[in-house]
Amino acid sequence: TGISAKKIEAVVKEIKERASQIVALSDLPVEWMLFDGIPLAFTHDVCRMPELPITSMLSQYVESRFAMNYLIPHDILKKTLVVFGCEDKAFKKVQTEVIELQKLLGFTIRTCLSVKDFENSVKEVQPDLLIVDTHGGIDDTTMQTYLQLGKERLMGDYVINHQISAKLVFLSACSTCPTFDTISTIANAFFEAGAYCVTTSYLPVPIFDSTILYLRLLNMLNMAAVNGMHCNWLSFVSHLMRTSYLQEPLWHGGGKFTKQDHDFLVQTATELMVFRKREEIYKNIIHGDFARRMKIKYENIRPNYLLYSTLGRADLIRFESYIKDKCKV
C-alpha cells in the first residue's frame, strides 16, 4: 500500500490509546480488529457509515451531521415499538419475558405476520425506537437481506417505497447486514426511509441470546433515559453489548450465582464506563474466577458485540437527560 510499518504502528498506537468514540466509513467489520488480542468493539464505542451505496451513505452522513436535532426523550419507552414477526415455539417461549416487561415499562408490542401488518403497525404507533424480533436472512436470488414476517419477506425496496422506519432501529434478527455478497440490505433500507441509526447483525444470532440482549436494552434504557449516564446512543448501545459479554455466563453457565458474583458484575459493569479500565477488565474477566464459578469459559462464548454493528452517526444522537444534566453544571 506504500505505507511504512512505522506509520502503521503509529496509527495503531493512536487508535488504541485514544479515549474517544470511533466513526468508521467502511463496509468491513472494523469492530473485529484486534489490539493486543482485544477486539476494538470492547475497548471503544464504534459506529459505521456504510461505504455502499455511496449516494445513500453520503446523504445519510449529511443528514446526521448537519440536520440532526433529535434528542432521546425521557419517555422513550412510551415511544418504543417491539414487533414480533414469528410465532415459532422457540420465539414465543422467550418472548413471554418481553410481554411481562411491557407491563412494567409501558412500551408497545405488536405481532405482525405479514408485511402489511408491519407497515400499518409502524405508521400507527410512529415509534422513536423500533425493535424487530424475527427471523432474518439473505435471498439467494437477489442477494438482498430481509426480515421474515409470518410467511412473508420484508425486502428493502418495500421499506423504502412505503417509508417505513423510525429514528432508532434495532434489528433482532439473523444476518440483516452481512459484509459479503449482498447488493443491498434491509438495514440500509431503514436508513433510506428515514432512520438515524440502525443496529443490525453481521451473522446468525441465537434466539435466546438475541432476546435477552434487547430485554437488557429495554431495562437499561429505562434508566439511561432519565439518569444522564450516557452522552449519546452510541455510548449506550456499546455499553449494552460490552456488558452483555460480561454477563453471558449467567445465561449459559451451570454454577450457583452468589452475592459475590452479583457484586462483581455490578462493580465491573460500572467500571466498564471508564475507557482506561477496559483493557484490564477484559483480561480479568477472561482469566478471573467468575466464569469458573459459573462453570463456563469465556473462550466458548460468542460475544454479542462482535455479532452486531451500529450503523449511522449514533454518536450524534444525544440523550435529553444528559444535556439537561450538563446544563445544570
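Description of the structure in this document. (Residues numbered from 1 in each chain as written. Predicted model: local features only at pLDDT ≥ 70, side-chain atom pairs only at ≥ 80, totals over all residues. Heavy atoms only, no water.)

**Let's talk about helix α11 (residues 278–287)**
Here comes step 1: Buried residues of α11: Arg278, Ile281, Tyr282, Ile285 and Ile286, and no others. Buried residues of α11, viewed axially, fall in a sector of 130°; they line one side. Among the exposed residues of α11, those oriented more than 90 degrees off its buried face are Glu280 and His287.
Here comes step 2: Structurally, α11 contributes buried residues whose contacts are with β3 (38–39), α2 (40–43), α9 (233–252), α10 (259–271) and α13 (304–307). (Buried < 20%, exposed > 50% of the residue type's maximum accessible area, 1.4 Å probe, protein only. Helix = DSSP H or I, 4+ residues; strand = E, 2+ residues; numbered from the N terminus. Arc of directions from axis to C-beta. Contact = heavy atoms within 4.5 Å.)

**So, the nonpolar core**
Here comes step 1: With 61 residues, the main nonpolar core has Leu218 and Trp233 as its most contacted residues.
Here comes step 2: In terms of residue count, helix α8 (residues 207–227) provides more of this core than any other element does, 10 residues in total.
Here comes step 3: Discounting residues that sit within four places of it in the chain, Leu218 has contacts with Leu77, Thr80, Val82, Leu101, Leu105, Phe107 and Ile131.
Here comes step 4: Core analysis: the second largest hydrophobic core is formed by 27 residues, Val83, Ala189, Phe190 and Ala193 among them. (Core = buried A, V, L, I, M, F, W, Y, C linked by side-chain atoms within 4.5 Å.)

**Considerations on the pairing of strand β11 (residues 152–155)**
Here comes step 1: Examined bridge by bridge, strand β10 (residues 145–149) and β11 share four bridges and lie antiparallel to one another. Bridging across to β11, Tyr146 finds its partner in Met155.
Here comes step 2: Taking the residues between adjacent antiparallel strands as the criterion, β10 and β11 are bridged by two residues, where Gly150 takes a positive phi near 65°. (Pairing = 2+ DSSP bridges.)

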